[in-house]
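# Summary of the model geometry
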Amino acid sequence: MVGGILQQLVDGLTIGVVYVLLAAGLSVIFGVMHVINFAHGELFALGAYFALALIAPFGGTAFFAALFVAPLLVGLLGVAIERYTVRPLYGRNPLYHILLTFGLVLVINDLIYLIWEPGNVNLPTPAVLSGTIDVVGLNASVYNMFVIVFGAAMALSVWATLEHTKYGLIIRAGSQDRQMVRNLGIDIDRYYSLVFGMGAALAAVAGIILGGYQTVSPEMGMSVIIPAFVIVVLGGLGSFKGAVAGGLLVGIIQTLLRTYAPILEGMVIFLLMIGILLVRPRGLFGVEMEEEGGELLTGSGGVLDDRTRKRVGLAAIGLLAVIPLGAGTFYSTYTVTLVIEILVWALFALSLDFVMGYTGLVSLGHALFYGLGAYAVAIALLHVSQSAFVAIALAIVISAAIAWVVGYLSIRVSGVYFAMITLGFAELFYNMLYRLEITGGSEGLFGISTYYGIAGTGVALDEIGLFVGPVALTGQSLFYYIALTALIGSFLLTRRMLNSPFGSVLKSIRENEQRATFLGYETTRYKRRAFVVSGALAGLAGGLFTLNSGYAAPSFAYWLHSGEVIVMVILGGMGTLYGPIIGATVFFGLEEILTDFTPRWRLVLGTIFVLFVIFLPRGLVSLPARLKPLVTRDSGRGAEPTPDDSGVRGDD
């Protein structure tokens, strides 16, 4: 028993040291530059793959050389990323760094797939690191001992560099007061590049030694980035000491739970993360940090007056309404399936925009409510009633209730802390889906049937046939109109809310929350109400998807879905309601077009998203306003644009 626990502790320390190196880089980057780097996990994976490429021609004997060269290459890549993508965003709201690095996740991950292809690969290690040794009576793996000793030495050297060198002194001074360091004649931007490169190199080292311990795969970056965030939050954002303590703690807890309480693995650390954020947002060893300013940039059509915009909207609805009528004649019936998916995700994106674009609350865990709505419908149809109306009503009510609880707890913190705590709740739910019997575990819930009616009276859509001329509408064609009605109804409902006094308060919170508070508004209550509305609409979207597809799977609540819906909102234009609908259309349209040429379509989409965050943060809806001055200047009819012309607000 004791021997078994000691063995688990050694295994936990081995994983913990990997986490320490990974989280240390992440934490140092945040502490100095206030950048939350979502792409850190992909740099971790890239280190392992670079090492694999270096070792392949020579075998395991080249492992130690790769352990030096691969992190250097990844470090140089990190410097380039900071120089050309992160640096243009300094001065903006820190949440744009999250959005930018999420785009980089899509780019780097697909590059890894493109170059090295899917599948697990063993990273060869030298013979000297194989076998076992006796350590205080414990038969331990030599490689485990190497990881612990090497990782500890690396962490110690980084700490010594930051604490006892001139370079570290400047870095620490820059993290406290960037302008003061500049006034001393020091090029602090150059040091920032080095910090980002150093953090990337540390991630690469962690990837290599974990690759030798387990295997190397394109998914390895995605699997470690969330635990890395948990560690940084537990230890304290920006705290090197916290990264060390948090990394070892999480590594040991995960290993022990995997052996002695596997049902709790994956949930305890997220409960810890949420608890820490609620009780002590700065973490165990972090210090109070004043968040950098910068507003979230909302979009706007800009060049269209209200009347024209209304006509364009009606024309778009009319166009959407006739799509099922042409299926099978002018285009395949798959078009209807595709547009239904777009409509559902457009509703999901609209729900996020309501809270993000009008209150400034960036939720990184909105997939929680989408997944909740999907599972609520699936469980209701399987165990309560086969009525679609009952199931969808339950999905909305349950999503709204959970959103109230999550909002009540989460809105106590703000900025990146709010983003992190919503991510924690979503990951907690995602892990629960795998472990609960009622959710079907990793298989999810399938074989769902329904009817449209109440109390046992009603029909399935396949049993209905509506004839419009020679065209018969049935099954999915009829569901298409249900999805379209839900989207239009949600748009009009949220628009009505935003035009009411409630919406005016939300906008004032977005513009200046402190001023709204001074005017006597209890802003927390208004933000919580907006969060509940947003959660209910996201639950409706998830419920509609399950009604149409007939299944619910844990992947619905995966963090990548939360990122994808943020991409749609930014792509279209945040704070406009119609912008996210455009964003969802462009997102799926690009996917549909690009998948004909390459399965790695996220590479192109991620690149476009990164360019949007840097050069067009107000989204596609702001493009006409950006182009108008150029057009009027060329035609000689317009006046010179003013700097404020592109700064119009989205106030639908």
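Above this text sits the structure in question.
So, how was this worked out
- Residues numbered from 1 in each chain as written.
- Predicted model: local features only at pLDDT ≥ 70, side-chain atom pairs only at ≥ 80, totals over all residues.
- Heavy atoms only, no water.
- Helix = DSSP H or I, 4+ residues; strand = E, 2+ residues; numbered from the N terminus.
- Rg over C-alpha atoms; globule rule 2.2 N^0.38 Å.
- Contact = heavy atoms within 4.5 Å.
- Areas by Shrake-Rupley, 256 points an atom, 1.4 Å probe, with all protein chains shown as cover.
- Lys, Arg positive; Asp, Glu negative; His and termini not counted.
- Charge placed at Lys NZ, Arg CZ, Asp CG, Glu CD.
- Polar contact = N/O pair within 3.5 Å; in protein donor to acceptor, adjacent residues only side chain to side chain.
- Phe/Tyr/Trp six-rings, centres within 6.5 Å; stacked < 30°, edge-to-face > 60°.
- Buried < 20%, exposed > 50% of the residue type's maximum accessible area, 1.4 Å probe, protein only.
- Pairing = 2+ DSSP bridges.
- 1 Å grid on protein atoms, 1.4 Å probe; cavity = no way out; pocket = protein on both sides within 12 Å on 5 of 7 lines; lining within 4 Å.
- Points joined across faces, edges and corners; volume = space filled by probe spheres on them.
- Nonpolar A, V, L, I, M, F, W, Y, C, P; charged D, E, K, R; others polar.
- Patch = residues over 30% accessible without salt bridge, like charges linked within 9 Å, V, L, I, M, F, W, Y side chains within 5 Å.
- Salt bridge = Lys/Arg side-chain N within 4 Å of Asp/Glu carboxyl O.
- Axes fitted to C-alpha atoms, helices over the stretch in contact; angles between N-to-C directions.
- Parallel < 35°, antiparallel > 145°, perpendicular 65-115°, else oblique.
- Left-handed = near helix turned anticlockwise from the far one by under 90°.

When its secondary structure is counted, the protein shows 23 helices and 6 strands. Computed over C-alpha atoms, the radius of gyration of the protein comes to 26 Å, within 12% of the 26 Å expected from 2.2 N^0.38 for 652 residues, which places it in the range of a compact globule. Long-range pairs, those at least 24 residues apart, make up 78% of the contacts in the protein between residues at least 6 apart in sequence. Within the structure as shown, the protein displays about 26,900 Å² of accessible surface, and the carbon and sulfur contribution to it stands at 65%. Charge centroids of the protein, computed over 35 positive and 39 negative side chains, lie 9 Å from each other.

Moving on: the environment of S239. Relative to the elements of secondary structure, S239 occurs in the loop between α9 (220-235) and α10 (240-260). For the pair formed by S239 and F418, sequence separation is 179 residues and the distance between their alpha carbons is 19 Å. If near-sequence neighbours (up to four positions away) are discounted, S239 is found in contact with S27, F285 and G286. Of note is the side chain of S239, whose polar atom sits 2.8 Å from the backbone nitrogen of G242.

Another aspect to go through is the packing of aromatic side chains. With the rule as written, the count across this model stands at 35 aromatic pairs. The interplanar angle of 80° and the centroid separation of 6.0 Å between the aromatic rings of F389 and Y452 together place this pair among those described as edge-to-face. Of this pair, F389 sits in helix α15 (residues 388-410) while Y452 sits in strand β3 (residues 452-454), and the two are 63 residues apart along the sequence. Overall, F389 belongs to the partly exposed group, its relative accessible area being 47%. Given a relative accessible area of 14%, Y452 falls into the buried group. Arranged with centres 5.8 Å apart and planes meeting at 90°, the rings of F587 and W601 form a pair that is edge-to-face.

Once that is clear, we can look at the pairing of strand β2 (residues 138-141). Along any regular strand, the residues point their side chains to alternate faces of the sheet. Residues of β2 alternate between two faces, with L138 and A140 buried on one and N139 and S141 left unburied on the opposite face. Of the pairings in the sheet, the one linking strand β1 (residues 132-135) to β2 comprises 4 bridges and is antiparallel in character. The residue of β2 that forms the bridge with D134 is N139.

Now for the layout of surface pockets. Its boundaries defined by the atoms lining it, the second largest pocket holds a volume of some 770 Å³. Lining the second largest pocket are 31 residues, and of these Y19, S223, V224, P227 and Q254 lie nearest its centre. For the lining of the second largest pocket, the secondary-structure elements that each account for two or more residues are α1 (2-33), α8 (188-213), α9, α10, α11 (268-279) and α16 (415-435). Take the lining of the second largest pocket: its biggest share by element is 6 residues, from α9. Of the residues assigned to the lining of the second largest pocket, the class counts are 16 nonpolar, 9 polar and 6 charged.

Next up on the list: a nonpolar patch on the surface. A cluster of nonpolar residues, L54, F68, V69, L72, L73 and L76, forms a patch on the protein surface that exposes about 540 Å² of accessible area. When its relative accessible area of 54% is taken as the criterion, L76 is described as exposed.

Within the element layout of this structure, S622 appears in the loop between α22 (601-615) and α23 (623-635). In terms of polar contacts, S622 uses its side chain to reach the backbone carbonyl oxygen of G619, at 2.7 Å.

As a further point, take the packing of helix α17 (residues 476-498) against helix α19 (residues 523-549). Running from N to C, α17 and α19 cross one another at 175°; their axes reach a closest spacing of 11 Å. Judged by the inter-axis angle, α17 sits roughly antiparallel to α19. Residues Q476, F479, I482, A486, S490, T494 and M497 of α17 touch α19, and the partners they reach there are V533, L537, L540, L544, L547 and N548.

This next bit is on the packing of helix α14 (residues 367-383) against α19. Axis separation between α14 and α19 bottoms out at 6 Å; the angle between their running directions is 50°. When the axis of α14 is compared with that of α19, the two are oblique. As α14 packs across α19, the resulting crossing turns out to be right-handed. Residues F369, Y370, G373, A374, V377, A378 and L381 of α14 form the contact with α19, whose participating residues are F531, G535, A538, G539, A541, G542, G543, F545, T546 and L547. Taken together, the residues of the contact of α14 with α19 sort by class into 11 nonpolar, 6 polar and no charged.

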